[in-house]
Amino acid sequence: MRAADGALLIIALAVAWSLYRAQRNKDYSFDLFDVIMEGSKVSRLACVFMGSFAVSSWIMVRLTFDGKMTEGMFTAYGAVWCAPIIAKLFAQSTKEKS
């Protein structure tokens, strides 16, 4: 295992531990299942979306550590993950106007 892989693994474990602690803390109204739920049901689309986000983010960090990141890759990554959020914001605002 390379040093970059070890660093990424440590960061991922630290984030996972922090999320677990927030989930278990009764003082916070934090529910990790909200990330994959829609209308009190598990959403396949949300699960796939979160999995894809995690994998593509891991790949982008690896490319950055390896010095192989290009502006085109960064732009494509940003567009892929920002476009649905922006589309949802505009879709909600048009529903509210009707």
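The paragraphs below set out a description of the structure included in this document. (Residues numbered from 1 in each chain as written. Predicted model: local features only at pLDDT ≥ 70, side-chain atom pairs only at ≥ 80, totals over all residues. Heavy atoms only, no water.)

**Section: the overall build of the protein**
We apply this condition: Secondary structure elements follow DSSP: runs of H or I of four or more residues count as helices, runs of E of two or more count as strands, with numbering from the N terminus. Note that the radius of gyration is over C-alpha atoms, with the globule rule given as 2.2 Å times the number of residues to the power 0.38. For every residue, the accessible area (1.4 Å probe, protein chains only) is compared with the maximum for its type, and the residue is labelled buried under 20%, exposed over 50%, or partly exposed between those bounds.
A tally of regular secondary structure across the protein gives 3 helices and 2 strands. Going from the N terminus to the C terminus, the protein shows its helices and strands as α-β-β-α-α. A globule of 98 residues ought to have a C-alpha radius of gyration of about 13 Å, yet the protein, at 17 Å, is considerably larger. Considered along the principal axes of its C-alpha atoms, the protein spans approximately 55 × 40 × 25 Å. Expressed as a percentage of its 98 residues, the buried residues of the protein come to 12%.

**A short note on the packing of helix α1 (residues 3-24) against helix α2 (residues 44-66)**
Note the following rule: The angle between two axes is taken between their N-to-C directions and runs from 0 to 180 degrees, where each axis is a line fitted to C-alpha atoms and a helix contributes only its stretch in contact. By definition, any crossing whose near helix is turned counterclockwise from its far helix by less than a right angle is left-handed, and any crossing with a clockwise turn is right-handed. When checking whether two residues touch, look at their non-hydrogen atoms; a contact exists if any pair is within 4.5 Å. All amino acids are sorted into three groups, where Ala, Val, Leu, Ile, Met, Phe, Trp, Tyr, Cys and Pro are nonpolar, Asp, Glu, Lys and Arg are charged, and the leftover types, Gly among them, are polar.
One can describe the packing of α1 onto α2 by two numbers: an axis separation of 10 Å at closest approach and a directional angle of 145°. Here α1 runs over α2; the crossing is right-handed. Where α1 abuts α2, its residues Ala4, Asp5, Leu8, Leu9 and Ala12 lie against Trp58, Val61, Arg62 and Phe65. Of the residues that constitute the contact of α1 with α2, the class distribution is 7 nonpolar, no polar and 2 charged.

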